[in-house]
Amino acid sequence: MVQYTFYFLSFLAILSALMVVVSKNPVHSVLYLIITFFAIAGHYVLMNAQFLAAVHIIVYAGAIMVLFLYVIMMLNLNADVEPHKSKWLKFAATITGGLLMIVLIGALRNVSENAAAGLPGNDIGLVKNLGRVLFNDYALPFEVSSILFLSAMVGAVMLGKKEIK
Amino acid sequence: MNTLIILSAVGVLALFSEMLNFKKALGAIILLGLVGAFAADVMAWNTNRHYYNEMMVVDNFSVAFTGLLIVITFLWFIMSPDFFREPSSRIDHFALIIFALIGGQLMTSYNNMLMLFLGIEILSIPMFILAGSNKSDLKSNEAALKYFLMAAFATGFLLFGMALIYGATGSFQIQNITQFIKSQQGNIPVMLVAGILMMLVGLAFKVSAAPFHFWTPDVYTGSPTVITAFMSTVVKTAAFAGFFRLFSMCFESSSATWANTIWALSALTIIIGNVTAVYQTSFKRMLAYSSISHAGYMLMAILALNQYAQGSILFYATAYSISSITAFAVLLLVSHLAGNDSIESFNGLAKKNPLLAFATVLAMLSLAGIPPLAGFFAKYYIFTAALQQHYTGLVIIAVMGSLIGVYYYFRIIIALFKSENDDVVIPVNNTFKVFLVVTSVAALLLGIMPQLVAGIL
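Criteria and cut-off values
Residues numbered from 1 in each chain as written. Chains lettered and ligands numbered in written order. Predicted model: local features only at pLDDT ≥ 70, side-chain atom pairs only at ≥ 80, totals over all residues. Heavy atoms only, no water. Domains from an automatic or database assignment. Contact = heavy atoms within 4.5 Å. Buried area = accessible area lost by both parts, 1.4 Å probe. Helix = DSSP H or I, 4+ residues; strand = E, 2+ residues; numbered from the N terminus. Expected span 1.5 Å × (residues − 1). Buried < 20%, exposed > 50% of the residue type's maximum accessible area, 1.4 Å probe, protein only. Salt bridge = Lys/Arg side-chain N within 4 Å of Asp/Glu carboxyl O. Axes fitted to C-alpha atoms, helices over the stretch in contact; angles between N-to-C directions. Parallel < 35°, antiparallel > 145°, perpendicular 65-115°, else oblique. Left-handed = near helix turned anticlockwise from the far one by under 90°. Nonpolar A, V, L, I, M, F, W, Y, C, P; charged D, E, K, R; others polar.

### Some details on the domain arrangement of chain A
All names here are of chain A. Taken domain by domain, chain A holds domain 1 (1-79) and domain 2 (83-165). Contact residues are listed per partner, giving 4 residues for domain 1 and 5 residues for domain 2. Here domain 1 meets domain 2 over a buried area of about 420 Å², counting both sides, of which 63% is carbon and sulfur. Of all residues in domain 1, Asn48, Gln50 and Phe51 give up the largest surface area on contact with domain 2, accounting jointly for 86% of the area buried on that side.

Structure (structure tokens):
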């Protein structure tokens, strides 16, 4: 059962991710992206990370998507306004991307299944355990990331405000 | 750790300066804060303490590189204030630069992949913003957007690599990964190799090594010159500290899997950086390509990884940063008057402003690696370290690259002594004069007594 769900979710994720790239209308791309995010959230649930799945849906499918749609609306991108890229560029990009994929698949194909280190226990993804790890072991990164957000905020204000003449 | 706290406090204090009305004193406060941070950093010498569940380790390597980053930032603050005319944008700029410095400090002292990632991001995000801080200039906007998109892509590779490494080893902790690699006894799982190579791509982007260098010329040229000066010194040094720390502490025992890749990266970077620099007509763009080529030389230390490698990469970063910041400082003054940053605008500087010309000559000679300046011994140490590991072919390529380098650095020096008709003397204030004298003397002093820096690691 779990295995079938896994295959179904993976298929859905890859298919809709492809559609994000292929579809001409940017609004459609965004909608396919939402499907991708939900499929990935499903993967998190399969791996016993319920909290992560919930946050993923709230943040990505909720907030980030609204932001995307907002930007598309502001720029008034409807259909077929994407700048024309040269055929050679597309060709080269496909070849290099495909090569990277082949190399990675070829390299990782033979990885033994137990290579991934065993997860410690089934309840690893519950909020209680996550909080305990976050505020004990990972207290320093948690605090330091506030500097990251602070600098992003200062930057947004700086770029957004009017120059005083 | 105290350094981190002091720097964070200074950064937050800078943001409050407008509200609490001490804008005028801000420059002095920041300089004092940097001195304090430097003192705290030096006090941690030889203590080798581990913080917060092994998240951060303050060992001598991190103390030395953090000290270097703070010193360059200090020099940057002495050089830059005149170029932010508006006091309000000064505050933002200064706070962001301090935050970027914090990111750089984390990159020198991380002991967990997560801290490395946070350090890279804290260093990069202020840089994206500062690259675009000249809002009315289209080139500056382009630089910011290009830098942001490319760096986001490279960060994707870095994260993918970290995920694969976690999948193979089950840990983000540097020691655990090292132990895992050692316990495999040469039989390293493919997933780990893929992870290491992915991380290599992300880090090679950060240090602008070819073929991941395409963003560098445009971003360096488009950004305001003060910001470019910071990027090519502090950001580059921090990126190399993080790169070296990861590969020397964590992946050393698997070096057979990535040594060839770094060999090729280094050779490509040296060739492409030096050859392309020859064709540039803009001084700023030439410095961008020269910074790419210097990344190639520093990669040789990561390849060598013997007992000389640490000292040599520290000395190289010091020599390069000091000469580079001098060159950018002169460019700031010259381009401010000339209105562009072409090499021609340096014509006749020797007659008009002997001090500026003198500092430029020393900086160029040091970057080219002419004895007895710091740049010569920097190259000498790095080449020696590589030769001891029998990378003779790479050293030959590097020496040829340096010879090409001599050609384009001397073009600047020749331009300085060309006769020019207009005699507009560039006004230089006293702080700036002191700055130029200090950096020039430092380049000379490090050339005469290289053991001062190279010997401490």
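Next comes the rest of the write-up.
### Considering helix α3 (residues 60-79) of chain B
An ideal rise of 1.5 Å per residue puts 28 Å on 20 residues; α3(B) measures up with 29 Å between its terminal C-alpha atoms. Burial analysis of α3(B) places 16 of its 20 residues in the buried class, which makes it a mostly covered element.

### What to know about the pattern of salt bridges
Two side chains with opposite charge may pair up if their charged atoms get near one another. All names here are of chain B. Under the definition given, this model contains 5 salt bridges over all chains. Two residues, arginine 245 and aspartate 59, come together in a salt bridge whose shortest N-O distance is 3.2 Å. Placement of the pair is arginine 245 in helix α10 (residues 225-250) and aspartate 59 in the loop between β2 (56-58) and α3, with a sequence separation of 186 residues. Aspartate 59 matches arginine 245 in its accessibility class, with the two residues each being buried. Of the charged contacts in the structure, one is a salt bridge between arginine 285 and aspartate 218, with a shortest N-O distance of 3.3 Å. Highlighted residues: arginine 285 in helix α12 (residues 283-304) and aspartate 218 in helix α9 (residues 215-222), separated in sequence by 67 residues.

### Overview of the packing of helix α6 (residues 138-169) of chain B against helix α8 (residues 190-206) of chain B
Residues and elements named next belong to chain B. At a minimum axis distance of 7 Å, the contact between α6 and α8 shows a crossing angle of 155 degrees. If you check the angle between α6 and α8, you find them roughly antiparallel. Helix-helix and strand crossings are classified by hand; for α6 and α8 the assignment is left-handed. A per-class count over the contact of α6 with α8 returns 19 nonpolar, 6 polar and 1 charged.

### Things to note about the packing of helix α2 (residues 26-46) of chain A against helix α3 (residues 50-75) of chain A
All names here are of chain A. Two numbers describe how α2 lies on α3: the axes approach to 9 Å, and their chain directions differ by 170 degrees. One way to sum up the angle between α2 and α3 is to call them roughly antiparallel. Contacts between α2 and α3 involve Pro26, Val27, Val30, Leu33, Ile34, Phe37, Phe38, Ile40, Ala41, Tyr44 and Val45 from the former and Leu52, Ala53, His56, Ile57, Tyr60, Ala61, Met65, Phe68, Leu69 and Ile72 from the latter. Its residues assigned to classes, the contact of α2 with α3 comprises 20 nonpolar, 1 polar and no charged.

### Here's the deal with the environment of B:Gly455
Within the secondary structure layout, B:Gly455 lies in the segment after α19 (451-454). Here the alpha-carbon distance between B:Gly455 and B:Phe315, two residues 140 residues apart in the chain, equals 8.9 Å.

### A short note on the interface of chain A and chain B
In this assembly, 27 residues from chain A lie in contact with 42 residues from chain B. Here chain A meets chain B over a buried area of about 2,900 Å², counting both sides, of which 78% is carbon and sulfur. Looking only at chain A, the three residues that lose the most surface to chain B are A:Leu140, A:Ile147 and A:Met158, adding up to 21% of its buried area. Summed over the shared surface of chain A and chain B, the number is 1 salt bridge. When the shortest N-O distance is used, the salt bridge between B:Asp92 and A:Lys161 registers 2.9 Å.

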